[in-house]
Amino acid sequence: MSKLHTLNKEQLKAVHATEGRLLVLAGAGSGKTSVLTMRMAHLISSGKALPENILGLTFTNKAAKEMKQRLGELIGASLSRKVMLCTFHSFCMYILRLEIEALGYTKNFSLYDERDIKRLITHLARESLEHESELPSLTPTIDQIKQAKTQGAFSKKETPNWHDSFSEELFHKLQTSMRAHNAVDFDSLLTLTVELFETFPQVLEKYQKRFRYIMIDEYQDTNPIQYQLAQAIASGSNNLCVVGDDDQSIYGWRGASIENILNFKADQTIKLEQNYRSTTSILEAANRVISKNENRHEKRLWTSKNRTTPIEIFHAPDEEEEVKSVVNRMLKIRQEMNLKWSDFAILYRSNTLARPFESALLKTMWQKEDRWIRGIPYQIFGGTEMTEKSEVKDVLAYMRVLANPLDQEALLRIINFPRRGISDKTLDELRKLSKEGQKPLFTILTEIKEGVFSNEAHLTRHALKGITSFITQFDLAKQNLNKYSLSKAFTQFMETIEIKKAVQDEVKSDKMKTFKGENIDFCLELLKSYEEETSSPSLPDFVSSTLLDQSKFQGKKKEHKDSVSLMTFHSAKGLEFPVCFLIALEDHLIPHEKSLKESGIEEERRLFYVAITRAKEHLILSMAQKRDRFGKASASAPSRFLYDIPKSLLNITPHKIF
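Caption draft 1: Region of the structure containing the overall build of the chain. Within the chain, the secondary structure is distributed over 27 helices and 18 strands. A compact globule built from 658 residues would reach a C-alpha radius of gyration of about 26 Å, and the chain, at 27 Å, matches this within 12%. For the chain, the spread of C-alpha atoms along the principal axes amounts to about 85 × 60 × 60 Å. Expressed as a percentage of contacts within the chain between residues at least 6 apart in sequence, the contacts between residues at least 24 apart total 77%. Element-wise, carbon and sulfur atoms account for 50% of the exposed surface of the chain, whose accessible area totals about 31,000 Å².

So this is what it looks like as structure tokens:
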């Protein structure tokens, strides 16, 4: 613990406050990660806890990995590995893999993603409505079901309408179907763990005895179910430390409850207000903006940095001129201050605002040493994840069915891919047989292969041959899993069905054929690496851990190391850049019209505060007098939040600089 001397007074106080319920209010850039990891290290080095007695929960795999790395540097990798430091979802996956049989599932359950759930809800809606043609949008229904899962129950209304009753009916049918498919989704990972602890107190007691010190990062982002989970585990020892910042609570739209941090019953509250990131002018602007919120813990960010630069602001006549002005300023600042492109970020409220910047960056000429280059390198955050690529989903679906034959969503995806002559009409017949016989679809396929069904299935000779081949190949793959290593058996399976050829046949260009083939190879390489690094490898564990941790695919992504970052205010949370441009600061965009109605003014103001505090040295604010809305140019007013920043902090400049 030689690094304790690097902490300030309040940080040190938080590290040493080990017992009871502790609330650490950590302002933006106040070094909360250092505090969390040093607190864990202090618990272990002081002898108050063994590494396996500590549970650290956070919201992103990136944050968990960073904390693990820092903890390893403090106490050594062998000890840090024994600390359970992970996301809420990964923790619940760990518990359920060990204990879910008590709830009537088997341990090889599948993890459904959002698309699987949408497909299943659509199928259940068709059944309920007895409607085969195109359905009206199910988005409101799915939103209600999603809210019910994050809240832990379906909210009862005094006078429910037809849609409320329909949504609640589908909610219960979805739960029944998921159990029948031996599947859970990201939300039910949490709800099932809470159900497990409430239904089986002896199971809860086992984990309470193990985890005597619980720490939760980004506590302002917890939803009611995560709150229940934390309270359940911590109620054994009552040693719960929560770290967060109510001023950075920006996820109310996805179920986060700011009340959890505002109303936390703490034995001790410590405020981390010293900021190590930004200049005085940036912090003063942020303080003035957020002080207008009423529902918050009082705090004020400050810094010991002496050097400061006024915040630049300009008002362009239209969005095209705004884009040009931002790019020209980037060129000027980069040259004058000898910065890298990766020192710059362009932040915006909505993804649609990025498009004109992409176009401008691609066309812009810039000088590198003695030569001119066309196109400023950039990367957009929030693109398609690797596991959303169709060919990757196909490979993962084969893994899912091999691990859990009850996984009907995965089975429906692959039953006719590669093509086996099993038409949609045949699938409808198979589903009817499954429903009438109250048997899983995979069991029906097996029985067809064994000759149990004949005329009942109304199968063509081609379909019968395809089903027989499908089940035979799966049987062989299962046998090979008992003979060979996991990666060898599965790779042989993929070669047998010629999945790479099938995927490549669906695209025309050689470039896309190569790209898709490489993605499949990468999946198989990932499985091999997982097997080599894991003591007890299994397909269910590999699939679920892959879906829970997208960073495993980062080695496949081609990113510019030196590139401008384009991202939304939400995506920028937790990041920092020497130079930040906050663009399109207009009243219908920030605060956003729709979000203003759904989440309220205070969450929109918190979002603006988060955006401001991403900047380390230079903050440039911009807006346009006119912007295209619904296909025509409309007048725009500056964001009302800008008026909260004192003019003394601003350097108002013309939009054109050359």
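Back to the text.
Caption draft 2: Spotlight on the packing of aromatic side chains. In the structure shown here, the tally under the stated rule is 15 aromatic pairs. With centroids separated by 5.4 Å and ring planes inclined at 90 degrees, the aromatic side chains of Trp341 and Trp366 adopt a geometry described as edge-to-face. Separated by 25 residues along the polypeptide, Trp341 in the loop between helix 14 (319-337) and strand 10 (344-348) and Trp366 in strand 11 (residues 365-368) bring together distant segments of the chain. Taken as a pair, Trp341 and Trp366 share a single burial class, namely buried.

Caption draft 3: Spatial organisation of the environment of Glu429. In this structure, Glu429 sits in helix 18 (residues 424-437). Measuring from C-alpha to C-alpha, the distance between Glu429 and His458 comes to 7.4 Å, with 29 residues separating the pair along the chain.

Caption draft 4: Representation of the side chain of Ser595 within the structure. Here Ser595 is to be found in helix 26 (residues 593-598). Note on Ser595: relative accessible area 14%, which makes it buried. Beyond its immediate stretch of four places on either side in the chain, Ser595 contacts Arg349, Gly600 and Glu604.

Caption draft 5: Summary view of the pairing of strand 7 (residues 240-244). With five of its five residues buried, strand 7 lies for the most part within the structure. Side chains Leu240, Val242 and Gly244 project from strand 7 onto one buried face, and the interleaved Cys241 and Val243 project onto a second face that is buried too. For strand 1 (residues 21-26) and strand 7, the ladder comprises five bridges, and the chain directions are parallel. Within the sheet, the bridge partner assigned to Arg21 lies in strand 7 and is Leu240. For strand 6 (residues 213-216) and strand 7, the ladder comprises three bridges, and the chain directions are parallel. Directly across from Ile214, in strand 7, lies its bridge partner Leu240. On the question of chirality, the crossover connecting strand 6 to the parallel strand 7 by way of helix 11 (residues 224-234) is right-handed.

Caption draft 6: Up close: the side chain of Ser257. Inspection of the secondary structure assignment puts Ser257 in the loop between strand 7 and helix 12 (259-262). Residues contacting Ser257, with those up to four places away along its chain left out, are Gln220, Thr222, Asn223 and Pro224.

Caption draft 7: Local environment of the packing of helix 6 (residues 114-129) against helix 8 (residues 162-180). One way to put it is that helix 6 packs onto helix 8 with a least axis distance of 10 Å and a crossing angle of 120 degrees. At the point where helix 6 passes helix 8, the crossing takes the right-handed sense. Within the contact between the two elements, helix 6 uses Ile117, Leu120, Ile121, Leu124, Ala125, Ser128 and Leu129 and helix 8 uses Trp162, Phe166, Glu169, Leu170, Lys173, Leu174, Ser177 and Met178. For the contact of helix 6 with helix 8, the class distribution of residues is eleven nonpolar, two polar and two charged.

Caption draft 8: Fine view of the pairing of strand 15 (residues 577-582). Taken across its six residues, strand 15 has six buried, putting it largely inside the fold. Looking at chain direction, strand 10 and strand 15 are connected through four bridges and run parallel. Looking at the pairing, Ile346 lines up with Phe581 of strand 15.

Caption draft 9: Here's a closer look at the nonpolar core. In this structure, Phe91, Phe197, Tyr398, Leu430 and Phe490 are the most contacted members of the largest nonpolar core, which totals 91 residues. Take this core: its biggest share by element is nine residues, from helix 16 (residues 390-403). Within the second largest apolar cluster, 39 residues are counted, among which are Ile313, Met567, Ala611 and Ile645.

Caption draft 10: Expanded view of helix 21 (residues 486-497). An ideal rise of 1.5 Å per residue puts 16 Å on twelve residues; helix 21 measures up with 17 Å between its terminal C-alpha atoms. Restricting attention to buried positions, one finds in helix 21 the residues Leu486, Ser487, Ala489, Phe490, Phe493, Met494 and Ile497. Along the long axis of helix 21, the arc covered by the buried residues comes to 165 degrees, so they all point the same way. Elements that come into contact with the buried residues of helix 21 comprise helix 16, helix 20 (461-483), helix 22 (499-505), helix 23 (510-533) and helix 24 (539-548). Glu498 sits one or two residues past helix 21 and shows a positive phi near 55 degrees.

Caption draft 11: Region of interest: unusual backbone geometry. Going from Phe417 to Pro418, the amide bond is cis rather than trans, its omega being -5 degrees. In this fold, Pro418 is placed in the loop between helix 17 (408-414) and helix 18. In this structure, Glu369 is a non-glycine residue whose phi angle is positive, near 55 degrees. In this structure, Ala584 takes a positive phi of about 55 degrees despite not being glycine. By the secondary structure assignment, Ala584 is in the loop between strand 15 and helix 26.

Caption draft 12: Fine view of the pattern of salt bridges. For the structure shown, the criterion picks out 42 salt bridges. Salt-bridge contacts for Lys299 lead to Asp245; the nearest nitrogen and oxygen are separated by 3.5 Å. With Lys299 in the loop between helix 13 (280-290) and strand 9 (311-318) and Asp245 in the loop between strand 7 and helix 12, this residue pair connects regions lying 54 residues apart in the sequence. Pair check on accessibility: Lys299 and Asp245 agree, each one buried. For Lys324, the salt bridge is made with Glu320, and the minimal N-O distance between the two is 3.9 Å. Of this pair, Lys324 and Glu320 both sit in helix 14, four residues apart, which is roughly one turn of that helix.

Caption draft 13: Local environment of helix 19 (residues 441-449). Among the residues of helix 19, Leu441, Phe442, Ile444, Leu445, Glu447 and Ile448 are the ones counted as buried. On its buried face, helix 19 is in contact with helix 16, helix 17, helix 18 and helix 20. A positive backbone phi angle near 85 degrees is found at Gly451, which sits one or two residues after helix 19.

Cut-offs and rules
- Residues numbered from 1 in each chain as written.
- Predicted model: local features only at pLDDT ≥ 70, side-chain atom pairs only at ≥ 80, totals over all residues.
- Heavy atoms only, no water.
- Helix = DSSP H or I, 4+ residues; strand = E, 2+ residues; numbered from the N terminus.
- Rg over C-alpha atoms; globule rule 2.2 N^0.38 Å.
- Contact = heavy atoms within 4.5 Å.
- Areas by Shrake-Rupley, 256 points an atom, 1.4 Å probe, with all protein chains shown as cover.
- Phe/Tyr/Trp six-rings, centres within 6.5 Å; stacked < 30°, edge-to-face > 60°.
- Buried < 20%, exposed > 50% of the residue type's maximum accessible area, 1.4 Å probe, protein only.
- Pairing = 2+ DSSP bridges.
- Right-handed = clockwise from strand over helix to strand, strands pointing away.
- Axes fitted to C-alpha atoms, helices over the stretch in contact; angles between N-to-C directions.
- Left-handed = near helix turned anticlockwise from the far one by under 90°.
- Nonpolar A, V, L, I, M, F, W, Y, C, P; charged D, E, K, R; others polar.
- Core = buried A, V, L, I, M, F, W, Y, C linked by side-chain atoms within 4.5 Å.
- Expected span 1.5 Å × (residues − 1).
- Arc of directions from axis to C-beta.
- Salt bridge = Lys/Arg side-chain N within 4 Å of Asp/Glu carboxyl O.

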